[in-house]
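# Structural description and commentary
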Amino acid sequence: MNKTLTRFALATLAAVLPFAAQAAGGKVVVGYQTDALPSSVGIANGDFAKATGFEIDFRKFNSGAEIFAAIASGDVQVGYVGSSPFAAATSRGLDVKAFHLATISGTDEALVVRNGSGIEKAGDLKGKKLAAAPVSTDHYQLLAVLKQEKLSERDAQVFAIPQPDIVAAWNRGDLDGAFVWDPALTELKKTGKVLLTSREVADRGAPTFTAWVATAPFAKDNPAFLKSFAGVVEKYSASFQSDKAAWGPESDNAKALAKLLGGTPSDQASALSNLSLVPAQQQATVAWLAGGEGSGAAKILKATAEFLKEQKKITTVLPSYGGFVTADYVKDAR
């Protein structure tokens with residue numbers, strides 16, 4: 001294992017290119033990830049295309065950093081990303097708008113330690129081999145845990161590598177612990193245990209979120225698309241929160257997720273149960289997407305950027321991150 005992938009991801013994001021391939025004529029490229037979300041059923045069954053009237057090319061990525069690299073190159077106009085790569089990308093000059101909050105820190109991301117590793121508490125991470133996807137919320141939270149324990153990356157061996165490589169390294173016995181999300185989380189728990197969940201790390205002072213973002217030019221030119229897209233996300237999120245039976249291991253929804261994302265319907269149902277979702281009405285308040293600089297999401301982005309600069313992952317912290325979040329498209333979502 002090496003860190004060349006990390007350097008590649010950071011270099012790609014640093015070289016923010018013009019949005020050369022803006023969606024036109026009712027076509028758009030949307031990037032999504034491998035973790036389970038209720039709205040991913042809408043990808044599988046075509047609901048997003050039906051609701052928006054657009055021809056949508058959905059492309060699967062392994063991380064938010066990869067999605068931001070694709071956004072920077074002009075290949076993707078809308079994407080599902082985490083707050084850490086979000087903070088890094090905007091700090092480097094990428095202009096995007098978060099228009100729907102997908103999740104907040106929950107138990108769907110966690111630091112898993114190998115059985116027999118000798119790690120029983122966070123202070124035991126010193127000298128251990130650890131991994132997280134580069135520039136991800138998991139990477140951010142792993143580094144935050146180390147800092148909280150007064151440990152540096154050098155005190156532990158931290159590998160910033162994509163999730164598929166984390167699973168392969170874990171199965172070879174090369175890692176003592178890793179901060180991951182599904183499907184890697186389910187795989188690692190087979191021979192390990194959860195030391196800390198994302199929610200617990202948030203409670204320790206490092207909150208995160210995931211969001212749907214759009215490039216600023218695309219958002220300006222296609223507000224109706226974003227409103228309809230947010231409405232589909234909210235429809236599925238509300239269904240999951242109000243009708244748990246429709247999302248169980250034998251449900252059509254779980255089967256659709258397994259077909260789209262991999263794993264079994266039972267795996268997908270279990271992953272969904274770990275999510276922390278925020279209803280649109282709450283998203284449309286200053287606690288999350290409303291209020292510009294004073295919004296909860298903007299504050300998390302700035303705090304994350306300040307931490308990433310301290311860790312020498314980025315070089316600049318912007319005065320405000322309020323311009324990168326908007327509640328305009330969740331105000332009327334139901």
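Rules used throughout
- Residues numbered from 1 in each chain as written.
- Predicted model: local features only at pLDDT ≥ 70, side-chain atom pairs only at ≥ 80, totals over all residues.
- Heavy atoms only, no water.
- 1 Å grid on protein atoms, 1.4 Å probe; cavity = no way out; pocket = protein on both sides within 12 Å on 5 of 7 lines; lining within 4 Å.
- Points joined across faces, edges and corners; volume = space filled by probe spheres on them.
- Helix = DSSP H or I, 4+ residues; strand = E, 2+ residues; numbered from the N terminus.
- Nonpolar A, V, L, I, M, F, W, Y, C, P; charged D, E, K, R; others polar.
- Pairing = 2+ DSSP bridges.
- Axes fitted to C-alpha atoms, helices over the stretch in contact; angles between N-to-C directions.
- Contact = heavy atoms within 4.5 Å.
- Buried < 20%, exposed > 50% of the residue type's maximum accessible area, 1.4 Å probe, protein only.
- Arc of directions from axis to C-beta.
- Salt bridge = Lys/Arg side-chain N within 4 Å of Asp/Glu carboxyl O.

### Focus on empty space enclosed by the protein
- Counting across every chain of the model gives five cavities of 30 Å³ or more.
- The computed volume of the largest cavity comes to approximately 140 Å³.
- Together, 13 residues line the largest cavity, and Gln33, Glu109, Thr137, Trp181 and Thr210 are the ones closest to its centre.
- Sorting elements by how many residues they give to the lining of the largest cavity places strand β3 (residues 78-82) first, with three residues.
- Taken together, the residues of the lining of the largest cavity break down into four nonpolar, six polar and three charged.

### What about unusual backbone geometry?
- Cis geometry is adopted by the peptide bond preceding Pro183, which originates at Asp182 and carries an omega value of 10 degrees.
- Among the structural elements, Pro183 can be located in the loop between β8 (177-181) and α8 (184-188).
- Phi is positive for Lys150, which is not a glycine, with a value near 60 degrees.
- Mapped onto the fold, Lys150 is located in the loop between α6 (137-148) and β7 (157-160).

### Section: the sheet that holds β7
- The strand order β7-β6-β8-β5-β9 describes an open sheet built from five strands, whose pairing is mixed. In the strand order of this sheet, the two ends are held by β7 and β9 (192-197), each with one partner. Pairs of neighbouring strands in the sheet enclose a mean axial angle of 30 degrees, with direction left out of account.
- As judged from the five bridges shared by strand β5 (residues 109-114) and β9, these two strands associate in the antiparallel manner. Residue Ala110 lies in a different strand from β9, and its bridge partner there is Thr197.
- Across the sheet, α6 lies against β5, β6 (129-132), β7, β8 and β9, angled at about 145 degrees from β6, the strand it touches most.

### Section: helix α13 (residues 265-272)
- All of the buried residues in α13 are Gln268, Ala269, Ala271 and Leu272. Buried residues of α13, viewed axially, fall in a sector of 160 degrees; they line one side.
- Buried residues in α13 make contact with α11 (223-242) and α12 (252-261).

### As for the environment of Lys126
- Turning to its location among the elements, Lys126 is positioned in the loop between β5 and β6.
- With 21 residues separating them in the primary sequence, Lys126 and Lys147 have C-alpha atoms 11 Å apart.
- Lys126 has contacts with Leu151 and Asp155, leaving out every residue within four places of it along the chain.

### Things to note about the sheet that holds strand β2 (residues 55-60)
- In spatial order, the strands read β2-β1-β3-β10-β4; together these five strands make up an open sheet with mixed pairing. Looking at strand neighbours, the two that pair on one side only are β2 and β4 (96-104), the edges of this open sheet. The mean angle between the axes of side-by-side strands here comes to 25 degrees, regardless of whether they run parallel or antiparallel.
- By the bridge criterion, two bridges tie strand β1 (residues 27-32) to β3 in an arrangement that is parallel. Of the residues in β3, the one forming a bridge with Gly31 is Gly79.
- With respect to the sheet, α11 is in contact with β1, β2, β3, β4 and β10 (209-215), its orientation differing from that of β4 by roughly 5 degrees.

### Overview of the pattern of salt bridges
- For the structure shown, the criterion picks out nine salt bridges.
- Between Asp47 and Lys235 there is a salt bridge; the shortest N-O distance is 2.9 Å. Here the residue Asp47 occupies a position in helix α3 (residues 47-52), and Lys235 occupies one in helix α11, the gap between them amounting to 188 residues.
- Overall, the relative accessible area of 16% leaves Asp47 in the buried class.
- Using a relative accessible area of 41% as the deciding quantity, one classes Lys235 as partly exposed.
- Here Arg204 and Glu149 are joined by a salt bridge, their closest N and O atoms 2.9 Å apart. With Arg204 in the loop between α9 (198-203) and β10 and Glu149 in the loop between α6 and β7, this residue pair connects regions lying 55 residues apart in the sequence.
- What makes Glu149 partly exposed here is its relative accessible area of 28%.

In short, the description is geometric, and any link to function would need to be established separately.
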